[in-house]
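This is what each chain is made of:
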Amino acid sequence: MAALPDRQQGRTWRRAGIRGALVGVAMLLVSVVGTANARAEIPVSAGDTTPLVIGETFVLVSQAVGETRRINVYRPSAWNVPADQPLPVLYMPDGGIGEDFLHVAGLVQVLVANGSMRPFLLVGIENTERRRDMTGPTSDPDDRRIAPRVGGSAAFRRFLRDELMPQVRRRYATTPETAIMGESLAGLFVVETLLREPALFDTYIALDPSLWWNRGGLVDETEALLALHAPQGKTVFVATSAERGIAVPSARFMEALTAHAPGVRRRYVALPDESHQTLYHPAALLALRSLFTPVAATP
């Protein structure tokens, strides 16, 4: 099938809609949480300003992808989360400040603060060549026309496994639990990682994954890859919008997962009232609340 437009082309539309509300929430949180993180002082007069800061950022020189990558990190703040408490880690591609980092950080902060989600350290990976990093090889000429370079997912996975994840463990207090969340082409990367290297994460969240890539080749390989790697004990959450070109192969993937990976906890959510441009926020909210529910306190 012809390549569908990925969410990078619809990013501006979504920012103007439902995501705009979340960015507003996140920016309100910035003024509270960021001030504490940066130890900024209150302006002494109405004309003074101070930077709004959320979390931390650092750069990492990567041999795997041959470039320097910027990483954004956010730790949720809540009365019952000690500053030195080790946290599980939620990794997110499309994690730049001008991409999805702010709205997901807002979700994490609000859900942790109201007791709907266990606290996670959020690690966002800012894009350089998104369509290169998020895609596997393809024989479809339509796919190859979407960017100068595609098919770099294996190298990006090496970057995560061998460079970024060890760096996060060195820099921050973390538990062994890890999760990854991505949408559109990043959702394709999430599914591909589950099938090709399931040990890398404990929880896989794919929102409107672009499983049309390479004429649906990854879906066609699902049964064989599950037999090869047997991803026992993993958790998989897939949500889709009204876009049939995405929903149909996603449903096929989940059917194969159900039939051939009984040791995988899975949930599939169809959101037909959402478009590809509006899906991320409501689907991420559902995923985070349902997958990371706080453990009830022992009386």
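It should be emphasised that the depicted structure is a prediction, and the values quoted were computed from it without experimental measurement.

Caption draft 1: Inspection of the overall build of the protein at higher detail. Along the protein, the regular secondary structure elements total 11 helices and 8 strands. A total of 299 residues make up the protein; the buried ones form 54% of that total. The long-range share in the protein, meaning contacts at least 24 apart out of those at least 6 apart in sequence, stands at 74%. For the protein, the accessible area works out to roughly 13,200 Å², and carbon and sulfur atoms hold 56% of it.

Caption draft 2: Molecular detail of helix H8 (residues 213-220). Every buried residue belonging to H8 is among Trp 213, Gly 216, Gly 217, Leu 218 and Val 219, and all of these are buried. Contact partners of the buried residues in H8: helix H5 (141-144), helix H7 (185-196), helix H9 (222-229) and helix H10 (244-260).

Caption draft 3: Quick peek at the packing of aromatic side chains. For the structure shown, the criterion picks out 6 aromatic pairs. Ring geometry for Phe 120 against Phe 292: centres 4.3 Å apart, planes inclined by 40°, an arrangement best described as tilted. Placement of the pair is Phe 120 in the loop between helix H3 (101-113) and strand S4 (121-125) and Phe 292 in the segment after helix H11 (280-291), with a sequence separation of 172 residues. With respect to class, Phe 120 is no different from Phe 292; both count as buried. Judged by centre distance (5.8 Å) and plane angle (40°), the rings of Phe 156 and Phe 159 are tilted. With Phe 156 and Phe 159 both in helix H6 (residues 153-171), this residue pair falls 3 residues apart, about one helical turn. Linked through ring pairs, Tyr 91, Phe 201 and Tyr 204 together constitute an aromatic cluster. The ring of Phe 159 is capped by Arg 69, whose NZ or CZ atom sits 5.8 Å from the centre of that ring. Here the guanidinium or amino end of Arg 171 rests over the ring plane of Phe 58, the centre of that ring lying 3.9 Å away.

Caption draft 4: Focus on the nonpolar core. With 80 residues, the main nonpolar core has Val 123, Phe 159, Leu 160, Leu 164, Leu 207, Phe 253 and Leu 257 as its most contacted residues. What Phe 159 contacts, discounting residues up to four positions off in sequence, is Leu 60, Ser 62, Ala 64, Val 65, Arg 69, Ile 71, Ile 125 and Leu 164.

Caption draft 5: Quick peek at the pattern of salt bridges. Going through the model one piece at a time under the given rule, you end up with 16 salt bridges. Across the pair Arg 69 and Glu 67 runs a salt bridge whose closest N-O atoms are separated by 3.1 Å. Arg 69 gets classed as buried once you look at its relative accessible area, which sits at 0%. The residue Arg 132 makes a salt bridge to Asp 133 at a minimum N-O spacing of 2.8 Å. Like Arg 132, the residue Asp 133 is buried in the burial classification. One connected set of salt bridges, linked through shared partners, spans Glu 67, Arg 69, Glu 129, Arg 132, Asp 133 and Arg 149.

Caption draft 6: Region of interest: the sheet that holds strand S2 (residues 67-74). Strand order in the open sheet formed by 8 strands is S1-S2-S4-S3-S5-S6-S7-S8, with mixed pairing between adjacent strands. Each edge of the open sheet is held by one strand with a lone partner, namely strand S1 (56-62) and strand S8 (265-270). Ignoring which end each strand starts from, the neighbouring axes of this sheet average 20° apart. Sheet topology note: the strand S3 (residues 87-92)/strand S5 (residues 174-183) ladder contains 4 bridges and is parallel. The residue of S5 that forms the bridge with Leu 90 is Ala 179. Its contacts with the sheet put H6 on S1, S2, S3, S4 and S5, and the angle it makes with S1 is roughly 135°. Contacting S3, S5, strand S6 (203-207), strand S7 (235-240) and S8, H11 crosses the sheet at an angle of about 155° to S7.

Caption draft 7: Main features of H9. Looking only at H9, the buried set comprises Thr 222, Leu 225 and Leu 226. Around the axis of H9, the buried residues are gathered within 100° of arc, so they sit on the same side. Turned more than 90 degrees off the buried face of H9, the exposed positions are Ala 224, Ala 227 and Leu 228. Residues of H9 that are buried sit in contact with H7, H8 and H10. Of the residues trailing H9, Ala 230 is marked for its positive phi of about 45°.

Caption draft 8: Highlighting the environment of Thr 135. If you trace the backbone, Thr 135 turns up in the loop between helix H4 (130-133) and H5. Each C-alpha atom, one on Thr 135 and one on Arg 149, is 9.7 Å from the other, the two residues being 14 residues apart in sequence. The contact partners of Thr 135, leaving out residues within four places of it in the chain, are Val 150, Gly 151, Gly 152, Ser 153, Leu 185, Leu 188 and Trp 213. A distance of 2.6 Å separates a polar side-chain atom of Thr 135 from the backbone oxygen of Arg 131.

Conventions adopted
- Residues numbered from 1 in each chain as written.
- Predicted model: local features only at pLDDT ≥ 70, side-chain atom pairs only at ≥ 80, totals over all residues.
- Heavy atoms only, no water.
- Helix = DSSP H or I, 4+ residues; strand = E, 2+ residues; numbered from the N terminus.
- Buried < 20%, exposed > 50% of the residue type's maximum accessible area, 1.4 Å probe, protein only.
- Contact = heavy atoms within 4.5 Å.
- Areas by Shrake-Rupley, 256 points an atom, 1.4 Å probe, with all protein chains shown as cover.
- Phe/Tyr/Trp six-rings, centres within 6.5 Å; stacked < 30°, edge-to-face > 60°.
- Lys NZ or Arg CZ within 6 Å of the ring centre and 35° of its normal.
- Core = buried A, V, L, I, M, F, W, Y, C linked by side-chain atoms within 4.5 Å.
- Salt bridge = Lys/Arg side-chain N within 4 Å of Asp/Glu carboxyl O.
- Pairing = 2+ DSSP bridges.
- Axes fitted to C-alpha atoms, helices over the stretch in contact; angles between N-to-C directions.
- Arc of directions from axis to C-beta.
- Polar contact = N/O pair within 3.5 Å; in protein donor to acceptor, adjacent residues only side chain to side chain.

Purely spatial values, then, with no claim about function.
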